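Here's the letter readout for the chains.
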Amino acid sequence: MPRYVTLLFAVVCGMSVANIYFAQPLLDNLSREFAIDYSIIGILITITQIFYALGLLLLVPLGDLLNQRRLIIGQISFSLIALVIVGTASSSTVLFAGMALVGLLAVVTQTLVAFAATMAAPAERGRVVGIVTSGIVIGILLARTISGILTDLAGWRSVYLVSAALMLLMVCALFRVLPNVERGVKSLSYPHLIRSVFLLFSQERILRIRSILALLIFADFSILWTSLVLPLSASPLSLSHTAIGAFGLAGVAGALAAARAGKLADRGYGQRTTGLALILLLISWLLISYIEQSLFALVIGIVLLDLAVQAVHVTNQSMIFALRAEARSRLTAGYMVFYSIGSATGSITSTHIYAHYGWDGVCLLGAVVSALALLFWAMTSRATAAVLK
């Protein structure tokens, strides 16, 4: 798989997933423009995430049934339309409907990851998946910063209209480079295809193990990034939104460093990489807990946490993609559902814990989840090794 194609996949994935997170720093603007109460506007984010989860289950498995080139280009084209709907919305009803479509169609990122794994040679699959997945994490981390900059320059609508224009460019680029690969499971009906996602969990032990690890590590990821703005904006730190957004750059550094985890998985070191990454994940919370004493310690902790989460995520995907070549899209769909559950659980729990126990409580929660992930990895290490043999 040519390197420029791998990088293109990473860029498209980052841009697609960023569309879900653009709205987070814009809630205040949207509340004022559409006269939506502050207690209700937050539902906009929830709706987007719910439809993203539905897309994981209902759209991503289609990659095993349909021509993936047409599926990817079609989803991005419809995503472009959804972005224009949001950017030109004249009422709250249109806004909410457009954001629901944005969430539903953003799952093209997972179709692209599965397709990248199919296009890559077995010896380079981990490396390719690592680079493409890094694009997703970077898109998540930079979405808030980009959204804030564009809003300051040209208003909140420009965020979605600029994204739509960029997605049009991506459609043109993908149209030129994506191979036309017909799928080999056309005998499956759509209901059977969706049912088979659940059957894979009962049949593939590696999928079950790695999905639970995904749930735990992305719960940790959300515990940090959902609640981090609270202590940084409060006294005694009282940082500006621009300064807070800059911490996302530290996360990007960790995500980029973790792309190499795929190479280690290609060489058969997936289990060792996972164990080392989970140890780093646990250590990161110790550094993050010193937020009021040292912002430098916080930055190092953020780099370690994002490095660890990304390394485990890349290793997870490398392992599950090796299970069944004909079912990679369904394997991705099932795995990412656990990712969504972990992310949602971490977000809800972290804000609740912060309200009652402060930042120390959040860090303790993060450390406990990290320790559980490390313990689960140790308990399933033999089972994983036996299957991989």
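Residues numbered from 1 in each chain as written. Predicted model: local features only at pLDDT ≥ 70, side-chain atom pairs only at ≥ 80, totals over all residues. Heavy atoms only, no water.

Asker: When you look at the overall build of the protein in this model, what are you seeing that I'm missing?
Answerer: Across its full length, the protein carries 18 helices and zero strands. Against the compact-globule benchmark of 21 Å for 389 residues, the protein has a radius of gyration of 20 Å, which places it among compact chains. Seen through its principal axes, the protein has C-alpha atoms that stretch 55 × 50 × 35 Å. Burial statistics for the protein: of 389 residues in total, 56% are counted as buried. Restricting to contacts in the protein with at least 6 residues of sequence separation, those with at least 24 account for 83%. Element-wise, carbon and sulfur atoms account for 68% of the exposed surface of the protein, whose accessible area totals about 16,000 Å². Once the 24 positive and 14 negative side-chain charges of the protein are each reduced to a mean point, those two points are 14 Å apart. (Helix = DSSP H or I, 4+ residues; strand = E, 2+ residues; numbered from the N terminus. Rg over C-alpha atoms; globule rule 2.2 N^0.38 Å. Buried < 20%, exposed > 50% of the residue type's maximum accessible area, 1.4 Å probe, protein only. Contact = heavy atoms within 4.5 Å. Areas by Shrake-Rupley, 256 points an atom, 1.4 Å probe, with all protein chains shown as cover. Lys, Arg positive; Asp, Glu negative; His and termini not counted. Charge placed at Lys NZ, Arg CZ, Asp CG, Glu CD.)

Asker: Any chance you could explain empty space enclosed by the protein here in plain terms?
Answerer: Once rolled over the atoms, a probe with the size of a water molecule shows which space is left empty. What the rule picks out here adds up to one cavity of 30 Å³ or more. A volume near 80 Å³ is recorded for the largest cavity. As for the largest cavity, its lining consists of Gln110, Thr133, Ile136, Val137, Ile140, Phe218, Phe221, His313, Met336 and Tyr339. Counting residues per element, the ones that place at least two in the lining of the largest cavity are helix H8 (125-154), helix H11 (205-227) and helix H17 (328-379). No other element matches H8, which puts four residues into the lining of the largest cavity. (1 Å grid on protein atoms, 1.4 Å probe; cavity = no way out; pocket = protein on both sides within 12 Å on 5 of 7 lines; lining within 4 Å. Points joined across faces, edges and corners; volume = space filled by probe spheres on them.)

Asker: Where do I start with the layout of surface pockets in this structure?
Answerer: Estimates place the volume of the largest pocket at around 1,600 Å³. Around the largest pocket, the lining comprises 44 residues; the ones closest to its centre are Gln24, Pro25, Arg144, Trp225 and Thr226. Of all the secondary structure elements, the ones that give two or more residues to the lining of the largest pocket are helix H2 (27-33), helix H4 (43-58), H8, H11, helix H12 (229-233), helix H13 (241-258) and H17. Top element by residues in the lining of the largest pocket is H8. It accounts for eight residues. Considering only residue class, the lining of the largest pocket consists of 22 nonpolar, 19 polar and three charged. (Nonpolar A, V, L, I, M, F, W, Y, C, P; charged D, E, K, R; others polar.)

Asker: How should the nonpolar core be read in this particular structure?
Answerer: Inside soluble globular proteins, nonpolar side chains tend to come together where they are buried. Membership of the largest hydrophobic core comes to 127 residues, with the highest contact counts inside it found for Phe9, Leu95, Tyr160, Leu224 and Leu228. Take this core: its biggest share by element is 15 residues, from H17. Apart from the residues within four sequence positions on either side, Phe9 is in contact with Met1, Leu112, Phe115, Ala116, Met119, Val132, Leu174 and Leu178. (Core = buried A, V, L, I, M, F, W, Y, C linked by side-chain atoms within 4.5 Å.)

Asker: How do you make sense of the environment of Phe78 when you look at a structure like this?
Answerer: Positionally, Phe78 belongs in helix H5 (residues 68-87). With a relative accessible area of 54%, Phe78 lands in the exposed category. When the C-alpha atoms of Phe78 and Leu101 are compared, they prove to be 8.6 Å apart, with 23 residues separating the residues in sequence.

Asker: Just checking my understanding: could you explain the side chain of Ser79 for this structure?
Answerer: The residue Ser79 is located in helix H5 in this model. Residues in contact with Ser79, not counting those within four places in the same chain, are Asn19, Leu105 and Met167.

By themselves these figures say nothing about function.
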